[in-house]
Amino acid sequence: MGRVTVKRPVLRIVDGETRRRPDTLAAEEPLEIRVGGRPLAVTMRTPGHDVELAHGFLLTEGVIGDREDISTARYCDSVDEHGRNTYNVLDVALAPGVAPPDESVERRFYTTSSCGVCGKASLDAVRTKTRFAPGDDPVTLTPELLAGLPDALREAQAVFDSTGGLHAAGLFRADGTLLVAREDVGRHNAVDKVLGHALLEGGIPAAGTILMVSGRASFELTQKAVMAGVPVLAAVSAPSSLAVEMARESGMTLVGFLRGRSMNVYAGAQRIVTEDAPLVGAEGP
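Being a predicted model, the structure only gives us computed values, none of them experimental.

Draft legend 1. Representation of the pattern of salt bridges. Throughout the structure, instances matching the rule amount to 8 salt bridges. Between glutamate 29 and arginine 3 there is a salt bridge, with the nearest N and O atoms lying 2.4 Å from each other. In this pair, glutamate 29 sits in strand β3 (residues 29–35) while arginine 3 sits in the segment before β1 (5–14), placing the two residues 26 residues apart along the sequence. Using a relative accessible area of 32% as the deciding quantity, one classes arginine 3 as partly exposed. Measuring nitrogen to oxygen at the nearest pair gives 2.8 Å for the salt bridge that ties glutamate 52 to arginine 182. Taken together, the residues span a long stretch of sequence, with glutamate 52 in helix α1 (residues 50–60) and arginine 182 in strand β8 (residues 178–184) at a distance of 130 residues. Overall, the relative accessible area of 10% leaves glutamate 52 in the buried class. For arginine 182, a relative accessible area of 14% corresponds to the buried category.

Draft legend 2. Spotlight on the pairing of strand β4 (residues 38–45). As paired strands, β3 and β4 are joined by 7 bridges and run antiparallel to one another. Across the sheet, the residue bridging to glutamate 32 is valine 42, located in β4. Between the antiparallel neighbours β3 and β4 lie 2 residues, among them glycine 36 with a positive phi of about 60 degrees.

Draft legend 3. Quick peek at the nonpolar core. Residues Leu58 and Leu211 are the most contacted members of the largest nonpolar core, which totals 46 residues. In contact with leucine 211, not counting residues within four places along its chain, are Ala169, Gly170, Leu171, Val191, Val194, Ala225, Val230, Val232, Leu233 and Ala234. Core analysis: the next-biggest nonpolar cluster, separate from the first, contains 18 residues, Leu141, Leu153, Met212 and Val236 among them.

Draft legend 4. Structural context of the pairing of strand β2 (residues 17–26). Sheet topology places β1 next to β2; 10 bridges connect them, and they run antiparallel. Across the sheet, the residue bridging to leucine 11 is arginine 20, located in β2. Counting the residues that bridge the hairpin from β1 to β2 gives 2 residues, and of these aspartate 15 lies at a positive phi of roughly 50 degrees.

Draft legend 5. Representation of the packing of α1 against helix α5 (residues 187–200) in the model. Direction vectors running N to C along α1 and α5 enclose 90 degrees, while the axes themselves pass 6 Å from each other. Between α1 and α5, the interaxial angle falls into the category roughly perpendicular. Here Val51, Glu52, Leu53, His55, Gly56, Phe57, Leu59 and Thr60 of α1 lie close against α5, whose contacting residues are Asn189, Asp192, Lys193, Leu195, Gly196, His197, Leu199 and Leu200.

Draft legend 6. Region of interest: unusual backbone geometry. Residue proline 205 is bonded to the preceding isoleucine 204 through a cis peptide linkage, with omega at 5 degrees. Relative to the assigned elements, proline 205 resides in the loop between α5 and β9 (209–213). The backbone of histidine 49 shows a phi angle near 55 degrees, a positive value even though the residue is not glycine. As for its placement among the helices and strands, histidine 49 is situated in the loop between β4 and α1.

Draft legend 7. Looking closely at the sheet that holds β9. Reading across from one edge, β8-β7-β9-β10-β11-β12 is the order of the 6 strands in this open sheet, with mixed pairing throughout. Lying at the two open borders of the sheet, with one neighbouring strand each, are β8 and β12 (262–267). Taken over all neighbouring pairs, the strand axes of this sheet differ in orientation by 20 degrees on average, direction set aside. Where strand β10 (residues 232–235) lies against strand β11 (residues 253–259), 3 bridges are found, and the strand directions are parallel. Within the sheet, the bridge partner assigned to valine 232 lies in β11 and is threonine 253. Each of β11 and β12 touches helix α7 (residues 241–250); the most contacted strand, β12, lies at about 65 degrees to it.

Criteria and cut-off values
Residues numbered from 1 in each chain as written. Predicted model: local features only at pLDDT ≥ 70, side-chain atom pairs only at ≥ 80, totals over all residues. Heavy atoms only, no water. Salt bridge = Lys/Arg side-chain N within 4 Å of Asp/Glu carboxyl O. Helix = DSSP H or I, 4+ residues; strand = E, 2+ residues; numbered from the N terminus. Buried < 20%, exposed > 50% of the residue type's maximum accessible area, 1.4 Å probe, protein only. Pairing = 2+ DSSP bridges. Core = buried A, V, L, I, M, F, W, Y, C linked by side-chain atoms within 4.5 Å. Contact = heavy atoms within 4.5 Å. Axes fitted to C-alpha atoms, helices over the stretch in contact; angles between N-to-C directions. Parallel < 35°, antiparallel > 145°, perpendicular 65-115°, else oblique.

So, in structure tokens, the structure goes:
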């Protein structure tokens, strides 16, 4: 797994008995994303799939909308005390005719692994406009299919098995087929890696897909899904009020507390079909 994990000594205490042993931890390192040589953002991430991360970040910030909008992405200008490349600075060159990022995209401070919108120049910039509104997507799903997604995502979390310390995101087809799964110390980075992969594979807008996340459904993750044209976002934990508001405004289906055969549908219930009928009520989402 390389730099994805690191070994550190730990004192293990069980029932009063102690012993020292090495423990496997999820790696966390900074990644500086530059555009045309100009620093744009620094995010704390798990190394790996950095090119996907940069593509997904620029997609969900509204800078690009197609893989052809980026001409090159290369590591540069970051060496350790021995002169070796740390692979912690990635410079992206936009294709001719693609406008550079607006100042609102710039992070005034670094982005932590827990916060992907920290340092935004203004709150107005948070509500990024999407090129791929998911509201008209006709995809429908059954509760039974949704119930199987958390286990399918968990099975794809190879690094979590050895560390227990990573978030995950997975993009599924409407039939439950897993297209891509990524892990990261930052839930927003995991989503950017997944959406960046979809972009590089020509899968944006992500029509007819489900984005499954291992934690909560924050406003930020909901916005990223909307920016990629994902019609359904599902999470094993709770959504925030602003996430629900954005899902309803954009026409996205938002499912929270997806655990076993139990789930809450907070928006877009018309896409959830049971016994050949959509789950729509007069007072429902």
